[in-house]
Amino acid sequence: MRFTTILLSLLVAGCECVFAQTSRLDVTLTEPGTLKSILGDKAMTVEELSVAGPMNKRDFNTLWKCSFSGALASLDLSKALPANNEIPDRAFLDTGESGKSTVTRLKLTAIVLPENLERIGTDAFANLNITSIDIPQTVRDLGGGAFENCRYLEGAPLVIPEGIEEIKGECFMNCTAVTEFKLPSTLKVIGSHAFKNTGVNCKEIKIPEGVEVIERWAFNGSHIERVVIPASCRSVESYAFQLCPDLVSIVFAEGSRVERIPEAFADFSPSLRELVLPDGLKEIWDLAFAGCESLTELKIPGTVTSIWPSAFIHNALEEIVIPESVGELGFLCFDQSAPQKLRNIRSLRPVPPMVVGLEYYPFFEVVSPDTPVYVPAGSVEAYRTSPGWNYFTNIAEDPTSGIGDVFDAAGSGGADAGVIYDLMGRRVTNPLKGHLYIKGGKKYIHQ
């Protein structure tokens, strides 16, 4: 009896061992579309699976079911031979039967991609819980949304293969755990939403020379700190760097071909304090840098002809210099969040730039009408009577344009060296910083 009991115990133990081993399977397909039949009743219990041999869309549907309805968490496709050397569109996004997608996250957390892979399809791995990915260097096409919402995907760096020319829309959107992306030198287009909402630990994405287009929302909401837009870039689109909380610097490289800063390009990026606009720029559109409340200095290129409504609204500029080339200003384009910091406004154009949209708002809504406005010689009256500009009460000829002498007030001499007058000849006891006054018979800007 004891012998029988021991034998039964050993048999039970052996069965348990075989059952445990079914959580890890290696299968080789000889015909595509046969994975479901080969797995059989193990499809719902396998946790780690290695697949070799030819595969098609039907096999990827089986893998989806193994993870959605079953226990599949780890998948090795390194020896697989998928049709057309591609991971199919929406491979792990739906069952392929109903045609309806689901955002339910699968149990799959680890995946190894096939050797010699050439394409990763649209939404192929969207919404997966994978924690890492090595994209084969043979890949030349990343589909839109390929890794969208892979919130646990890490990479230091995540290397995008050389040879890829476009990162399509939403490709890495909401990949919040990636710490670094390394872009290929062959890249030409960064698609819409491609890196939207990248994570707090991803502080730099170097845009390579050769990139020609940065599409809408490309880096919207990302945590990058510094951006250099290469000289090769000919077009940047709306909202590209909108709502980037850590962005401190945007520099257009020397030789940039960008002629238009589009609508809401980097608006509400509150840390932005360095902005180098491209030589040759012609237009700055609505809200382009609105809400960049750390921006205190601004140099507008002498080629700009139009600055659209609210382009620099709610900045903290200390001085505004409007080039002679600017013929149009949109309403509220320079309305400031810290108007007390604004020392003066200088317009270099003899004919006052036309203010567009006066039927809605005054030229400056928050900026004090007493803010000094300096204009070219002989233009004071034109500015005082021009719509929008007539909002200001302290318009004078620019002392830096050869009108009188500009000097340090502390260095003036004479019996009345300490007496200060405004431009109307009235004595001033409390001069304001940045305003134009007369002292010792000469004009000066009070510092």
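Since the model is a prediction, treat every value here as computed from it, not as a measurement.

Basis of the calculations
- Residues numbered from 1 in each chain as written.
- Predicted model: local features only at pLDDT ≥ 70, side-chain atom pairs only at ≥ 80, totals over all residues.
- Heavy atoms only, no water.
- Helix = DSSP H or I, 4+ residues; strand = E, 2+ residues; numbered from the N terminus.
- Buried < 20%, exposed > 50% of the residue type's maximum accessible area, 1.4 Å probe, protein only.
- Contact = heavy atoms within 4.5 Å.
- Areas by Shrake-Rupley, 256 points an atom, 1.4 Å probe, with all protein chains shown as cover.
- pLDDT = per-residue confidence, 0-100.
- Salt bridge = Lys/Arg side-chain N within 4 Å of Asp/Glu carboxyl O.
- Expected span 1.5 Å × (residues − 1).
- Polar contact = N/O pair within 3.5 Å; in protein donor to acceptor, adjacent residues only side chain to side chain.
- Core = buried A, V, L, I, M, F, W, Y, C linked by side-chain atoms within 4.5 Å.
- Pairing = 2+ DSSP bridges.
- Phe/Tyr/Trp six-rings, centres within 6.5 Å; stacked < 30°, edge-to-face > 60°.

J.: Help me out: how do you make sense of the overall build of the chain in this one?
T.: In terms of helices and strands, the chain carries 4 helices and 30 strands. Across the 447 residues in the chain, those meeting the buried criterion constitute 49%. A fraction of 48% describes how many contacts in the chain between residues 6 or more apart in sequence connect residues 24 or more apart. Accessible surface, the chain as shown: approximately 20,400 Å² in total, 52% of it carbon and sulfur.

J.: I would appreciate a short explanation of the confidence of the model for the chain in the present structure.
T.: Do not read the fine detail of predicted coordinates wherever pLDDT is low. When pLDDT is averaged along the chain, the result is 88, and 87% of the positions lie at 70 or above. In this model residues 1–21 is a low-confidence stretch, pLDDT under 50, and it forms 0 contacts with partners more than four residues away in sequence or in other chains. Low pLDDT, under 50, characterises residues 95–99; the predicted model gives this stretch 5 contacts beyond four residues in sequence or across chains.

J.: It is not clear to me how the pattern of salt bridges should be interpreted in this structure. Could you clarify?
T.: Side-chain pairs of opposite charge can arise where the charged atoms are in close proximity. In total, this model carries 13 salt bridges according to the counting rule given. Put simply, Asp123 and Arg90 hold a salt bridge, and the shortest N to O gap is 3.9 Å. Remark: Arg90 occurs in the loop between strand E5 (86–87) and strand E6 (110–112) and Asp123 occurs in the loop between strand E7 (119–120) and strand E8 (141–142); sequence separation between them is 33 residues. Here Asp123 falls in the buried class, since its relative accessible area comes to 16%. Note on Arg90: relative accessible area 28%, which makes it partly exposed. Of the charged contacts in the structure, one is a salt bridge between Arg343 and Glu318, with a shortest N-O distance of 3.4 Å. Of this pair, Arg343 sits in the loop between strand E22 (328–330) and strand E23 (344–347) while Glu318 sits in the loop between strand E20 (306–307) and strand E21 (319–322), placing them 25 residues apart in sequence. Exposure remark for Arg343: the relative accessible area of 23% places this residue in the partly exposed category. Overall, Glu318 belongs to the partly exposed group, its relative accessible area being 31%. Through salt bridges that share partners, Glu86, Asp89, Arg119, Asp141 and Lys168 make up one connected network.

J.: Looking at this model, I keep getting lost on helix H3 (residues 57–68). Mind explaining?
T.: Each full turn of the α-helix corresponds to 3.6 residues, which orients residues three or four apart in the same direction. Here H3 spans 16 Å end to end across 12 residues, near enough to the 16 Å set by a 1.5 Å rise per residue. For H3, the set of buried residues is Asp59, Phe60, Asn61, Thr62, Leu63, Trp64, Cys66 and Ser67. At its buried positions, H3 is contacted by helix H2 (35–39), strand E2 (48–55), strand E3 (74–76), strand E4 (80–82) and E5. With a side-chain oxygen lying 3.1 Å from the backbone nitrogen of Arg58, the N-terminal cap of H3 falls on Asn56.

J.: Would you mind showing me how to read the nonpolar core here?
T.: Burial of nonpolar side chains together is a common tendency in soluble globular proteins. If you look at the biggest cluster of nonpolar residues, it comprises 110 residues, and the most contacted ones within it are Phe92, Phe147, Phe172, Phe241, Phe289 and Phe334. Counting residues per element, this core draws most heavily on H3, which supplies 4 residues. What Phe241 contacts, discounting residues up to four positions off in sequence, is Ile207, Phe219, Ile224, Val227, Ile229, Leu247, Phe265, Ala266 and Ser269.

J.: Would you explain the environment of Phe172 in this entry?
T.: Its place among the elements puts Phe172 in the loop between strand E10 (166–167) and strand E11 (181–182). Discounting residues that sit within four places of it in the chain, Phe172 has contacts with Ile135, Leu142, Phe147, Leu158, Ile160, Ile167, Phe181, Ala194, Phe195 and Lys196.

J.: What am I meant to see in unusual backbone geometry here?
T.: Note: most peptide bonds trans; most residues except glycine with negative phi. Of note, Arg90 is a non-glycine position whose phi angle comes to about 55 degrees, a positive value. Unusually for a residue other than glycine, Leu243 sits at a positive phi of about 60 degrees. Relative to the elements of secondary structure, Leu243 occurs in the loop between strand E15 (235–236) and strand E16 (249–252). Residue classification places Leu243 among the partly exposed residues on the basis of a relative accessible area of 45%.

J.: Where do I start with the sheet that holds E22 in this structure?
T.: The strands making up a sheet associate through hydrogen bonds between their backbones, and the pairing can be parallel or antiparallel. Read across the open sheet, the 5 strands follow the order E17-E19-E20-E22-E24; overall the sheet is parallel. The open sheet terminates on both sides in strands that have one partner only, identified here as strand E17 (260–261) and strand E24 (354–356).

J.: What is the right way to look at the packing of aromatic side chains in this model?
T.: For any two aromatic rings, the description comes down to two numbers: the centre-to-centre distance and the angle of the planes. Following the criterion strictly, the structure yields 20 aromatic pairs and no others. Aromatic side chains Tyr383 and Trp389 sit 4.9 Å apart centroid to centroid with 80 degrees between the ring planes, which places their arrangement in the edge-to-face category. Like Trp389, Tyr383 is buried.

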